[in-house]
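# Analysis of the macromolecular model
The chain contents come next:
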Amino acid sequence: MSNSGQTPLAQRRVLARRLIIGGLVVVCVMTLSVFARETNSGPLHGVQNIAGTVVTPLQEGTSRAIAPVRNAWGWFTDLLHARDRATQLARENQALRTELVQGQFGAEEQQRLAKLATIGSEWRADYSQVPAAIIGRSPSPWYEQVRIDKGTNDGVIVNSPVLGAADVGAGLVGVVTQSGPVSAVVSFLSDPRTSVGVTIVNSDGGIGLLQPTAPGAFSITGIPAQSPIANGDPVMTAGFSRFGLQSIYPRGIPIGLITGVGRGEVDVTQTVQMSPFVNPDSLAYLVVLAPKSVLAKQRAMTP
Amino acid sequence: MAVSPRVPAVIAIALVAVLVQVCVMPFLTVAQGMPDFLVCAVVSVALFRGALVGAVVGACAGMAVELLAPVGTLGALALLYLAVGYGVGRFCDREGAQEVLPVVLFCVIGECVVQVGQIAMQVLLARPLIAGDVVREVLAALILTALIALPIHVIVRTVLRAPRVIEPYRMPSDG
């Protein structure tokens, strides 16, 4: 574009605009690059943590304030799905749902909280179970993280395992990856940066590494080919990784069920598909296993 | 140097948009897609205040969202919203562009840019994606964003209470 017909003031403004926008682009690219390279304890993560802590009270208040809207919205979307699946039952559904909406939400919440209270009793010695509400979700569906209303003041530290409850069972859903005084960020197992050393019940002690392959789907690699594995076998945390290193997760936390087994005749290991017990998208509450004993704190310090 | 009386209004719009985007929008999802309040605000500000203000508001607001919400990046959203603000502002510097393309279309195009950028980021970070889910989530986000675009535009126009400024070629002070 030629600037020959512009006044000097306009030319200066064009130059200033280009400089400002160019500077902003450089800052954004540098921030993106540095943030991706640094660890969770890096300075930019620290700034993010402080900002998250500052906004926590606001998120808590907003979360409570919009709860009725959220519930109504959930009811509305459920209704749309039901109509898609069974339009011929729409009238009956309408009547039933009107009745259900009045009492279902409260009952469902109580049921989930009750499940959360009963799971994980074997870890009571090493961990405090800290119930936490999800107060912030990622404003983009591409990131598998949430913010909870508990932090270091409640004993929640980085690498604390996080459990959730759902209709089909309860189990591990993620790990704390950032922790501030009054809030923390939980990364779900579906985050590709997360991997868990697991064992499969009835597999003669087969140990493998659980990793996400797609949203809602996981694979376990490294299981010896001779280990007898069948669909429906439960998957638990192993307490250590495939190479015998200590894991941040204590042994015995349920994660999901085997849904597929694949092995070739010449393979020495087999790859197993797993479906998790808990879909984190539907959760409103979580339980954080806050390390209490020296052993548990050592686990959390595992790099 | 005197500060334009509309600067506080632009800052207020950006702050409110960030808070709504972080605190409210993640809980209002349909088919895993969520409306993008921020892109509508950035587009409206860019329409009224031009490319520079649109880009600065987009960058600052995007960075704020990444700081306040549990997002796995810092700088990516800022870059995307900056591109949206600058692009809309530049396009609208052209005479008559605002009349030809309605605000809703700008918001949908802006949301497309943000979604494609985020998908590209996922691919670069080697994160697993399912094509069907991606298409469904993006389509849902586009439709929801289109639905809220006009009301947000009206609010921004009311708050700014000004005809748009075509910068920098047609500033009245240039004579």
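This is a predicted model, so every value here is computed, not measured.

Looking now at the pattern of salt bridges. Residues and elements named next belong to chain A. Counted by the stated rule, this structure contains 1 salt bridge over all chains. The salt bridge partner of Asp149 is Lys150, with a shortest N-O separation of 3.7 Å. Take Asp149: its relative accessible area is 16%, and that puts it in the buried class.

On to the interface of chain B and chain A. Counting residues at the interface gives 55 residues for chain B and 52 residues for chain A. Across the chain B/chain A interface, buried area totals approximately 4,900 Å², and carbon plus sulfur atoms make up 70% of it. For chain B, the biggest contributors to the area lost against chain A are B:Phe27, B:Pro70 and B:Leu74; these three give 16% of the whole. At the boundary of chain B with chain A, the tally comes to 0 salt bridges. Going through the elements one at a time, helix H1 (7–23), helix H3 (51–68), helix H4 (76–92), helix H6 (103–124) and helix H7 (131–160) of chain B are the ones with two or more residues in the side of chain B that touches chain A.

Let us look at the side chain of A:Arg137. Take A:Arg137: it is sitting in strand S1 (residues 127–137). On the basis of relative accessibility, which here comes to 13%, the residue A:Arg137 falls in the buried class. Excluding anything up to four places from it in sequence, A:Arg137 contacts A:Gln145, A:Val146, A:Pro280, A:Asp281, A:Leu283, B:Val22, B:Pro26, B:Phe27, B:Ala69 and B:Pro70.

Let us look at the sheet that holds strand S9 (residues 234–237) of chain A. Residue and element names in this part refer to chain A. Read around the barrel, 6 strands follow the order S6-S7-S8-S11-S10-S9 and close on themselves; strand pairing throughout is antiparallel. Taking each pair of neighbouring strands and ignoring which way they run, the sheet shows an average axis angle of 45 degrees. Looking at chain direction, strand S6 (residues 196–200) and strand S7 (residues 207–214) are connected through 4 bridges and run antiparallel. Bridged to Val196 within S7 is Leu210.

For the rest of this paragraph, the subject is the environment of A:Lys292. All names here are of chain A. Looking at where Lys292 falls in the secondary structure, it is placed in the loop between strand S12 (285–291) and helix H5 (294–300). Note on Lys292: relative accessible area 45%, which makes it partly exposed. Separated by 163 residues in the primary sequence, Lys292 and Gln129 place their C-alpha atoms 9.6 Å from one another.

Calculation criteria
Residues numbered from 1 in each chain as written. Chains lettered and ligands numbered in written order. Predicted model: local features only at pLDDT ≥ 70, side-chain atom pairs only at ≥ 80, totals over all residues. Heavy atoms only, no water. Salt bridge = Lys/Arg side-chain N within 4 Å of Asp/Glu carboxyl O. Buried < 20%, exposed > 50% of the residue type's maximum accessible area, 1.4 Å probe, protein only. Contact = heavy atoms within 4.5 Å. Buried area = accessible area lost by both parts, 1.4 Å probe. Helix = DSSP H or I, 4+ residues; strand = E, 2+ residues; numbered from the N terminus. Pairing = 2+ DSSP bridges. Axes fitted to C-alpha atoms, helices over the stretch in contact; angles between N-to-C directions.

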